[in-house]
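In case you want the letters, here they are:
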Amino acid sequence: QVQLVESGGGLVQPGGSLRLSCAASGSIRSIVVMGWYRQAPGKQREVVATIITGGNTNYADSVKGRFTISGDNAKNTVYLQMNSLKPEDTAVYYCNANLVTTYYTTDNYWGQGTQVTVSS
């Protein structure tokens, strides 16, 4: 059993900042990739940022220079610092982990999602 729990979403004005957190727990042997995805009404879920074993990061073009993904290996936790937020960033943000369980299976796991709303 693996679970991912997100926190930190909320309502902010354009230009504001939020910091999202995602903690993974359960039968985890190792994490390969963790990332943040988002889904707005009427749109497909899209990748926002990922962080890979070793610390390499990737970002969607729409958030480059504004968002920063980071991780804490000891806590199996990933963060997303979001600055200079725009109304277009409004979406439900989901945490994802590709990991190896203690049973040596590899799969993707999803958090429950946290709402981010950017509006005046």
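Description of the structure in this document.

Calculation criteria
The residue numbering used here restarts from 1 in each chain and proceeds along that chain's sequence as written. Per-residue local features are limited, in this predicted model, to residues with pLDDT of at least 70; the limit for side-chain atom pairs, both in listing and counting, is 80 or more; totals at the level of whole chains, interfaces and linings are taken over all residues. Each side-chain value is worked out from all heavy atoms of the structure, with water and hydrogens disregarded. Secondary structure elements follow DSSP: runs of H or I no shorter than four residues count as helices, runs of E no shorter than two count as strands, and numbering proceeds from the N terminus. Partly exposed residues are those whose accessible area sits between 20% and 50% of the maximum for their type, while under 20% is buried and over 50% is exposed, using a 1.4 Å probe and protein chains only. Contacts are residue-level and defined by heavy atoms, with any inter-residue pair within 4.5 Å sufficient. Working definition of accessibility: Shrake-Rupley area with a 1.4 Å probe, residue cover restricted to the visible protein chains. For this count, His and the chain ends are skipped, Lys and Arg are scored as positive, and Asp and Glu as negative. By convention, the point assigned to a charge is CZ for Arg, NZ for Lys, CD for Glu and CG for Asp. Each polar contact in these results corresponds to two N or O atoms within 3.5 Å; when the atoms are within protein, one needs to be able to donate a hydrogen and the other to accept it, and residues that are neighboring in sequence are counted only if both atoms are side-chain atoms. Here, a salt bridge means any Lys or Arg side-chain nitrogen found within 4 Å of an Asp or Glu carboxyl oxygen. Cavity means a closed set of points on a 1 Å grid over the protein atoms alone, one where a 1.4 Å probe fits but cannot get out, pocket means an open set with protein on both sides within 12 Å along at least 5 of 7 lines, and lining means a residue has an atom within 4 Å of a point. Grid points are joined across faces, edges and corners, and a volume is the space filled by probe spheres set on the points. Residue type decides the class: Asp, Glu, Lys and Arg count as charged, Ala, Val, Leu, Ile, Met, Phe, Trp, Tyr, Cys and Pro as nonpolar, and the leftover types, Gly among them, as polar.

If you tally the helices and strands in the protein chain, you get zero helices and eleven strands. In sequence order, the secondary structure elements of the protein chain are arranged as β-β-β-β-β-β-β-β-β-β-β. When its C-alpha atoms are laid out on the principal axes, the protein chain stretches across 50 × 25 × 25 Å. The burial tally for the protein chain puts 39% of its 120 residues in the buried class. Long-range pairs, those at least 24 residues apart, make up 55% of the contacts in the protein chain with a sequence separation of at least 6. As displayed, the protein chain has an accessible area near 6,400 Å², and 47% of this comes from carbon and sulfur atoms. Taken together, the 9 basic and 7 acidic charged side chains of the protein chain have centroids lying 3 Å from each other.

On the secondary structure map, Asn96 appears in strand E9 (residues 91-101). At 3.2 Å, the side chain of Asn96 forms a polar contact with the backbone oxygen of Tyr109. Other than its neighbours up to four places away in sequence, Asn96 contacts Leu4, Val33, Met34, Gly35, Tyr37, Asn108, Tyr109 and Trp110.

Here the focus is the pattern of salt bridges. Counted by the stated rule, this structure contains four salt bridges. The salt bridge involving Arg38 is made with Asp89; its shortest N-O contact spans 3.0 Å. Of this pair, Arg38 sits in strand E4 (residues 28-39) while Asp89 sits in the loop between strand E8 (77-82) and E9, placing them 51 residues apart in sequence. Residue Arg38 is classed as buried on the basis of its relative accessible area of 7%. Taking relative accessible area as the criterion, Asp89 reaches 2% and is therefore assigned buried. The partner of Asp61 in a salt bridge is Lys64, with the nearest N and O atoms 3.1 Å apart.

Bringing the layout of surface pockets into the picture now. In this structure, the largest pocket encloses a volume near 290 Å³. Around the largest pocket, the lining is made up of 17 residues, and of these Ile31, Ile51, Ile52, Thr53 and Asn73 lie nearest the centre. Elements that contribute at least two residues to the lining of the largest pocket include exactly E4, strand E5 (46-52), strand E7 (67-72) and E8. Of all the elements, E4 adds the most residues to the lining of the largest pocket, at six residues. Along the lines of polarity and charge, the residues of the lining of the largest pocket split into eight nonpolar, eight polar and one charged.

Attention now moves to unusual backbone geometry. In this structure, Ser84 is a non-glycine residue whose phi angle is positive, near 50 degrees. For Ser84, the location among the structural elements is in the loop between E8 and E9. For Ser84, a relative accessible area of 42% puts it in the partly exposed group.

In short, the description is geometric, and any link to function would need to be established separately.
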